[in-house]
Amino acid sequence: FMSMGENETDEYSPQAKFWDQFSARGYRNIDATVKVFMSMGENETDEYSPQAKFHDQFSARGYRNIDLTWHVFPDENHNTVVGPAVSRGLRALYAD
C-alpha cells in the first residue's frame, strides 16, 4: 500500500519517482507481472487522500507488466476504509 502525503500535490510525488526509477532500471521489460492495489473511501477528500490523482498519474504512465487494481469503497471514509482496503488488497495481490 502506498499513499501520497498530504502536501504532495505536485505531479511528481515520491511514489511516482519510485516507479520511474523502477522502470528506468529495465523493469519495464521483465516478464514477471507486478501487482499493485490502490483504493480509497468514497467519502475521502483529495485534501487528505489524493489517491485518485495518484492512481490517474500512475496508470497514465503506461508501465508494462503491472497489474493495477483500483477500487473506491462506497460509503467509506479515511477512518473506516482501512479494514475493507486491507482485506480486498490482500486478495487482489495474492489471488491466483
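A brief look at the structure comes next. Note that the structure is predicted; figures quoted are calculated from it, not measured. (Residues numbered from 1 in each chain as written. Predicted model: local features only at pLDDT ≥ 70, side-chain atom pairs only at ≥ 80, totals over all residues. Heavy atoms only, no water.)

## Brief notes about a nonpolar patch on the surface
Item 1. Residues Val82, Val86, Leu90 and Tyr94 make up a contiguous nonpolar surface patch of roughly 410 Å² in combined accessible area.
Item 2. As for its placement among the helices and strands, Tyr94 is situated in helix H3 (residues 82-94).
Item 3. For Tyr94, a relative accessible area of 64% corresponds to the exposed category. (Patch = residues over 30% accessible without salt bridge, like charges linked within 9 Å, V, L, I, M, F, W, Y side chains within 5 Å. Areas by Shrake-Rupley, 256 points an atom, 1.4 Å probe, with all protein chains shown as cover. Salt bridge = Lys/Arg side-chain N within 4 Å of Asp/Glu carboxyl O. Helix = DSSP H or I, 4+ residues; strand = E, 2+ residues; numbered from the N terminus. Buried < 20%, exposed > 50% of the residue type's maximum accessible area, 1.4 Å probe, protein only.)

## Thoughts on the environment of Phe58
Item 1. Residue placement: Phe58 occurs in helix H2 (residues 51-60).
Item 2. For the pair Phe58 and Leu68, spaced 10 residues apart in sequence, the C-alpha to C-alpha distance is 9.2 Å.

## Regarding the packing of aromatic side chains
Item 1. Inspection of the entire model under this criterion finds 1 aromatic pair.
Item 2. Taking 6.1 Å as the distance between ring centres and 55° as the angle between the ring planes, the aromatic pair formed by Phe54 and Phe58 counts as tilted. Here Phe54 and its partner Phe58 are both found in helix H2, 4 residues apart, which amounts to about one turn of the helix. Side by side, Phe54 and Phe58 carry an identical accessibility label, which is buried. (Phe/Tyr/Trp six-rings, centres within 6.5 Å; stacked < 30°, edge-to-face > 60°.)

## Describing the pairing of strand E1 (residues 34-41)
Item 1. In terms of burial, E1 is largely enclosed, as 6 of its 8 residues are buried.
Item 2. Taken together, the 8 bridges between E1 and strand E2 (residues 66-73) define a ladder with parallel strand orientation. Note that in E2 the partner of Val34 across the bridge is Ile66. (Pairing = 2+ DSSP bridges.)

## Side note on unusual backbone geometry
Item 1. A positive phi angle, close to 60°, is found at Asp75, a residue other than glycine.
Item 2. Inspection of the secondary structure puts Asp75 in the loop between E2 and H3.

## Looking at the side chain of Glu44
Item 1. Its place among the elements puts Glu44 in the loop between E1 and H2.
Item 2. Although Glu44 lies buried, it forms no salt bridge, and the closest oppositely charged side chain, Arg88, sits 13 Å away as judged by the N-O distance.
Item 3. Of note is the side chain of Glu44, whose polar atom sits 2.5 Å from the backbone nitrogen of Gly41.
Item 4. At a separation of 2.7 Å, a polar atom in the side chain of Glu44 contacts the side chain of His78. (Lys, Arg positive; Asp, Glu negative; His and termini not counted. Polar contact = N/O pair within 3.5 Å; in protein donor to acceptor, adjacent residues only side chain to side chain.)

It is worth stressing that arrangement in space is one thing and function is another; only the former is reported here.
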